[in-house]
Amino acid sequence: MANQIHPLAVVDPEAKLGDNNVIGPFCVIDKNVEMGDNNTLLNSVTLHYGARIGNGNEFFPGASIATKPQDLKFQGEDTICRIGDNNSIRENVTISRGTASRGQTVVGNGNLLMENMHIAHDCVIGNGCIIGNTTKIAGEVEIDDYAIISACCLFHQFTRVGSYIMFQGGSRTSQDIPPYVIAGKEPIRYAGVNLVGLRRRGFSNETIEIIHDAYRIIYAEGVLKDGIAEARLKYPDSKEVEYICSFIESSKRGVIR
């Protein structure tokens, strides 16, 4: 089906649009933008130079995608912002494009990005994440699949967030958040395993107990390296335990405890 482009929208003739997209009034689509099929842009959405949009996304009023990075090291290099499929990007969300560091900012599939939140340059957001209102994510942060981040949270640049976590509203972190946990309190720290979230995602009670025991073992040791070795020895066939251990081992900023 043909695209429905409102007469009050501005679409650069160099932009590449797929089929069956709805472009509402006062939207602006810049040159060097590529869009797939079945996307909906409500009024006043801006897709800046370098936006790469997949299929089936919904952009709410005021969303601004592929904005110029808020990074003084950015020298105008040709970078992109890649948005996957079936995302809901709510009012006034801003997502910057990449810099020379990684060349692109990436948002995966099936995410809900709530009102007024910001994703900075060179971030990588996975699939199925929920990120709450007014949360701000600094440059080069990585968030793995199915993370749930509450409202008004702050993430220091270069931090990493594991899958299936729950991050308490109003919290901030300059350390990595390992997978499957609840992160909360002030200062931010490990507050247990995300039991409700894991059950909702179909994890068995046995698997949840293994995850819980693995964290008990790892955090009981004064040296994380010793706890990791013990957890791997006890659960050599658990992919969840291996994910936890490899996440902590690869952390450059250290993990919350």
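Residues numbered from 1 in each chain as written. Predicted model: local features only at pLDDT ≥ 70, side-chain atom pairs only at ≥ 80, totals over all residues. Heavy atoms only, no water.

Take the sheet that holds strand E1 (residues 4-5) next. Read from one edge to the other, the open sheet built from eleven strands follows the order E1-E4-E7-E10-E13-E16-E19-E22-E25-E27-E28, with strand pairing classed as mixed. Where the open sheet ends on each side, the last strands, each with one partner, are E1 and strand E28 (189-193). Bridging between strand E19 (residues 130-131) and strand E22 (residues 148-149) involves two bridges; their strand directions are parallel. Its bridge partner being in E22, Ile 131 is matched across the sheet by Ile 149. Strands in contact with helix H2 (residues 205-220) are strand E27 (181-184) and E28; relative to E28, the strand with the most contacts, it is inclined by about 145°. (Pairing = 2+ DSSP bridges. Helix = DSSP H or I, 4+ residues; strand = E, 2+ residues; numbered from the N terminus. Contact = heavy atoms within 4.5 Å. Axes fitted to C-alpha atoms, helices over the stretch in contact; angles between N-to-C directions.)

Next up on the list: the side chain of Asn 111. Here Asn 111 lies in the loop between strand E15 (104-107) and strand E16 (112-113). Residues in contact with Asn 111, not counting those within four places in the same chain, are Asn 86, Asn 87, Ser 88, Ile 125, Gly 126, Asn 127, Gly 128 and Cys 129.

Moving on, we come to the nonpolar core. With 68 residues, the main nonpolar core has Leu 47, Ile 65, Ile 95 and Ile 143 as its most contacted residues. Looking at this core, the elements that each hand over two or more residues are strand E9 (51-53), strand E11 (64-67), strand E12 (80-83), E27, H2, helix H3 (224-234) and helix H4 (239-250). With eight residues, H2 is the single largest residue contributor to this core. For Leu 47, the residues in contact, after removing those within four places along its chain, are Val 28, Ile 29, Asp 30, Val 33, Met 35, Leu 41, Ile 53 and Ile 65. (Core = buried A, V, L, I, M, F, W, Y, C linked by side-chain atoms within 4.5 Å. Buried < 20%, exposed > 50% of the residue type's maximum accessible area, 1.4 Å probe, protein only.)

Structurally, Asp 71 is set in the loop between E11 and E12. Residue Asp 71 is classed as buried on the basis of its relative accessible area of 14%. For Asp 71, the side chain forms a polar contact with the main-chain nitrogen of Lys 73, separated by 2.9 Å. Among residues more than four places away in sequence, those in contact with Asp 71 are Thr 99 and His 121. (Polar contact = N/O pair within 3.5 Å; in protein donor to acceptor, adjacent residues only side chain to side chain.)

To continue, consider the sheet that holds E9. Strand order in the open sheet made by the eight strands is E3-E6-E9-E12-E15-E18-E21-E24, with parallel pairing throughout. Each of the sheet's edge strands pairs with one partner strand only, and the pair in question is strand E3 (16-17) and strand E24 (160-161). Both E15 and strand E18 (residues 124-125) contribute to a ladder of two bridges, which runs parallel. Bridging across to E18, Val 106 finds its partner in Val 124.

So, about the packing of aromatic side chains. Within the structure shown, the criterion is met by ten aromatic pairs. Between the aromatic rings of Tyr 243 and Phe 247, the centroid separation amounts to 6.4 Å while the plane-to-plane angle is 80°, which identifies the pairing as edge-to-face. Taken together, the residues span about one helical turn, with Tyr 243 and Phe 247 both in helix H4 at a distance of four residues. Exposure class is identical for Tyr 243 and Phe 247. Each is buried. Linked through ring pairs, Tyr 146, Tyr 164, Tyr 180, Phe 203, Tyr 243 and Phe 247 together constitute an aromatic cluster. Sitting over the face of the ring of Phe 60, Arg 90 holds its NZ or CZ atom 3.8 Å from the ring centroid. (Phe/Tyr/Trp six-rings, centres within 6.5 Å; stacked < 30°, edge-to-face > 60°. Lys NZ or Arg CZ within 6 Å of the ring centre and 35° of its normal.)

Take the pattern of salt bridges next. For the structure on display, the rule yields twelve salt bridges. Of the charged contacts in the structure, one is a salt bridge between Asp 144 and Arg 160, with a shortest N-O distance of 2.9 Å. Of this pair, Asp 144 sits in the loop between strand E21 (142-143) and E22 while Arg 160 sits in strand E24; the two residues are 16 residues apart in sequence, bridging distant segments of the chain. What makes Asp 144 buried here is its relative accessible area of 15%. Accessibility expressed as a relative area gives 24% for Arg 160, which makes it partly exposed. One salt-bridge network, in which partners are shared between bridges, spans Arg 102, Glu 140 and Glu 142. (Salt bridge = Lys/Arg side-chain N within 4 Å of Asp/Glu carboxyl O.)

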